[in-house]
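Listed below are the residues making up each chain.
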Amino acid sequence: MIERTLKGKLLYLATKYPFVLVTGPRQSGKSTLVKDAFPDYQYVSLEEMDNRKYASEDPRGFISTFPRKTIIDEVQRVPELLSYLQTHTDNDGEEGMYILTGSQNLLLLSSVDQSLAGRVGILTMLPFSHEEMSKGGITPDSVNEEIFRGGYPGLYDKNIPAEEYYPNYIDTYVERDVRYIKAISNLSLFVKMIKLCAGRIGQLLNLSSLAVECGVTIPTISSWLSVLQASYIVYLLQPDHRNFSKRLVKTPKLYFYDTGLACSLLEINSARQVAFHYLRGGLSRTWQSMSSLNDAMVKAIGHHLLSGAIQMVGKWIC
């Protein structure tokens, strides 16, 4: 197993808060990390229908079954459970009672803000960084190969070819996460928008251009982008300016959290294609920014950990 950089911080936060939440993209290694860090904890996944029904219909009974030292996976599936957990931990007064994981940033953090404010330490788990792959001895032979394969653990753990892994990832993402986050009627147009975003990787965000090419309104594109951000597909990097008011009006750049996913959306089928692709520069900048972002995630402190880390990256690469 590859040692994840965030493990030390996860263990530390569990000594300071009754809850620790690990959020991030699907299949980025959240469950594996928390199971490895807390081997003596019970584990329950709310992705499973019977567990989800139990937590939703009888939250007090669920808590009595899992009163402490429990990992609750995909907790955003039953957001109302958090209020019951908060009351339970307040009465108990222990630290590290529950380790939570979840994949939808927007929905999950909204529920956390309402129920667990001041009681939870939050970490964001991203795909493997270059440093983690180097320490684990799984670094691809070249930068182009690393850009093409990306950093999702499943690629390396099960040795799945990138050209097979990412199309399935996108299909699963669209069918499950997108429908869960927002009712989008035309999923084919949404997928087209994701591919158009990949074609603009590392470039200034142009909402008007995306709207024209998709044949939808600018507010629709903005709404769809918020879905991509909430599910850790893309992030917007604001330009670094000393003057805060200037930073607010300047156009952000569009980046993907994983270059392998971006390559798949661009229909790049080999590392050799990366070397000669017209978006090689944007992919390279994304690869550099992800290395910086993983480092920043360890250094950033506070509730809005991810946004703080992205701001730190903006200072390094813009």
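Think of each chain on its own: its residues are numbered from 1, step by step along the sequence as written. Owing to the predicted nature of the model, reporting of local features is limited to residues with pLDDT of at least 70; listing and counting of side-chain atom pairs is limited to 80 or more, with chain, interface and lining totals taken over all residues. Values reported for side chains reflect all heavy atoms of the structure, with hydrogen atoms and water molecules removed beforehand.

Caption draft 1: Expanded view of the overall build of the protein. Check the secondary structure of the protein and you find 18 helices and 7 strands. Working definition: with a 1.4 Å probe on protein chains only, accessible area under 20% of the residue-type maximum means buried, over 50% means exposed, and in between means partly exposed. In the protein, which comprises 318 residues, the proportion classed as buried is 53%. Here a residue-residue contact requires only that any non-hydrogen atoms of the pair lie within 4.5 Å. Of the contacts formed within the protein by residues at least 6 apart in sequence, a portion of 70% connects residues at least 24 apart. A helix here means a DSSP run of H or I that spans at least four residues, while a strand means a run of E at least two residues long, and both kinds are numbered starting from the N terminus.

Caption draft 2: The arrangement of the environment of Met 133 in detail. Among the structural elements, Met 133 can be located in helix 7 (residues 130-136). Given the relative accessible area of 1%, Met 133 is considered buried. Considering only alpha carbons, one finds Met 133 and Arg 4, 129 residues apart in sequence, at a separation of 9.5 Å. Leaving out residues up to four positions away in the same chain, Met 133 has contacts with Phe 128, Ile 138, Thr 139, Pro 140, Glu 146, Gly 150 and Tyr 156.

Caption draft 3: How the structure looks around the pairing of strand 3 (residues 70-73). Burial along strand 3 is two-sided: the face carrying Thr 70 and Ile 72 and the face carrying Ile 71 and Asp 73 are both buried. In this sheet, strand 3 lies alongside strand 2 (residues 42-45) in parallel orientation, the contact comprising 4 bridges. When the sheet's bridge partners are listed, Tyr 43 is paired in strand 3 with Ile 71. When DSSP finds two or more bridges between a pair of strands, those strands are recorded as paired. As paired strands, strand 3 and strand 4 (residues 98-102) are joined by 3 bridges and run parallel to one another. The partner of Thr 70 across the bridge, within strand 4, is Tyr 98. With respect to chirality, the unit in which strand 3 leads through helix 5 (residues 81-92) into the neighbouring parallel strand 4 is right-handed. A right-handed crossover is one whose linking path, passing over the helix from the first strand to the second, runs clockwise when the strands point away from the viewer.

Caption draft 4: Molecular detail of the sheet that holds strand 3. An order of 2-3-4-1-5 is seen for the 5 strands of this open sheet, with the pairing classed as parallel. Taken across any chain shown, the strands that pair with only one partner, and hence form the sheet edges, are strand 2 and strand 5 (120-124). Adjacent strand axes in the sheet meet at a mean angle of 15 degrees when their direction is disregarded. The sheet contacts of helix 5 involve strand 1 (19-23), strand 3 and strand 4, and relative to strand 4 the element is tilted by about 160 degrees. Helix axes use the C-alpha atoms of the stretch in contact, all axes being lines fitted to C-alpha atoms, and the angles between their N-to-C directions lie in the range 0 to 180 degrees.

Caption draft 5: Region of interest: the environment of Gly 260. Assignment of secondary structure puts Gly 260 in helix 15 (residues 259-265). Separated by 108 residues in the primary sequence, Gly 260 and Tyr 152 place their C-alpha atoms 8.3 Å from one another. Apart from residues lying up to four places away in sequence, Gly 260 is in contact with Ile 147, Phe 148, Arg 149, Gly 150 and Tyr 166.

Caption draft 6: Inspection of the pairing of strand 4 at higher detail. Among the 5 residues of strand 4, 5 are classified as buried, and the element is accordingly described as predominantly covered. Burial along strand 4 is two-sided: Tyr 98, Leu 100 and Gly 102 facing one way and Ile 99 and Thr 101 facing the other are all buried. In terms of strand pairing, strand 1 meets strand 4 through 5 bridges, oriented parallel. From the neighbouring strand, Thr 23 faces strand 4, where its bridge partner is Gly 102.

Caption draft 7: Representation of the nonpolar core. To define a nonpolar core, start from buried Ala, Val, Leu, Ile, Met, Phe, Trp, Tyr and Cys residues and group those joined through side-chain atoms within 4.5 Å. Tyr 173, Phe 190, Leu 228 and Phe 256 are the most contacted members of the largest nonpolar core, which has 52 residues in total. Looking at this core element by element, the count peaks at 9 residues for helix 10 (residues 162-181). Beyond its immediate sequence surroundings of up to four residues, Phe 190 is in contact with Tyr 173, Val 178, Ile 184, Trp 224, Val 227 and Leu 228. Core analysis: the second largest hydrophobic core is formed by 23 residues, Leu 46, Met 97, Tyr 98 and Leu 108 among them.

Caption draft 8: Spotlight on the side chain of Gln 76. Looking at the secondary structure, you find Gln 76 in the loop between strand 3 and helix 5. Within 3.5 Å is the distance limit for a polar contact, defined as a pair of N or O atoms, with the added protein rule that one can donate a hydrogen and the other accept it, and that residues adjacent in sequence qualify only through two side-chain atoms. Side-chain polar atoms of Gln 76 contact the side chain of Glu 74, separated by 2.7 Å.

Caption draft 9: How the structure looks around the pattern of salt bridges. One speaks of a salt bridge when a side-chain nitrogen belonging to Lys or Arg is within 4 Å of a carboxyl oxygen belonging to Asp or Glu. Following the criterion strictly, the structure yields 12 salt bridges and no others. Note that Asp 92 is salt-bridged to Arg 68, the shortest N-O span being 2.4 Å. A residue pair is termed long-range when its members are at least 10 positions apart, and Asp 92 in helix 5 and Arg 68 in the loop between helix 4 (59-65) and strand 3 qualify at 24 residues. On the basis of relative accessibility, which here comes to 32%, the residue Arg 68 falls in the partly exposed class. Sharing partners across several salt bridges, the network here consists of Arg 26, Glu 47, Glu 74 and Arg 77.

Caption draft 10: View of the state of the cysteines. By disulfide we mean two sulfur atoms from cysteines, separated by a distance within 2.5 Å. In total, this model carries 0 disulfides according to the counting rule given. As a non-bridged cysteine, Cys 214 has Cys 197 as the owner of its nearest cysteine sulfur, 7.8 Å distant.

Caption draft 11: Inspection of the confidence of the model for the protein at higher detail. pLDDT is a residue-level measure of predictor confidence that goes from 0 to 100. Residues at a pLDDT of 70 or more form 87% of the protein, whose mean pLDDT is 87. Confidence drops under a pLDDT of 50 for residues 308-318, and excluding neighbours within four residues, the segment shows 31 contacts in the predicted structure.

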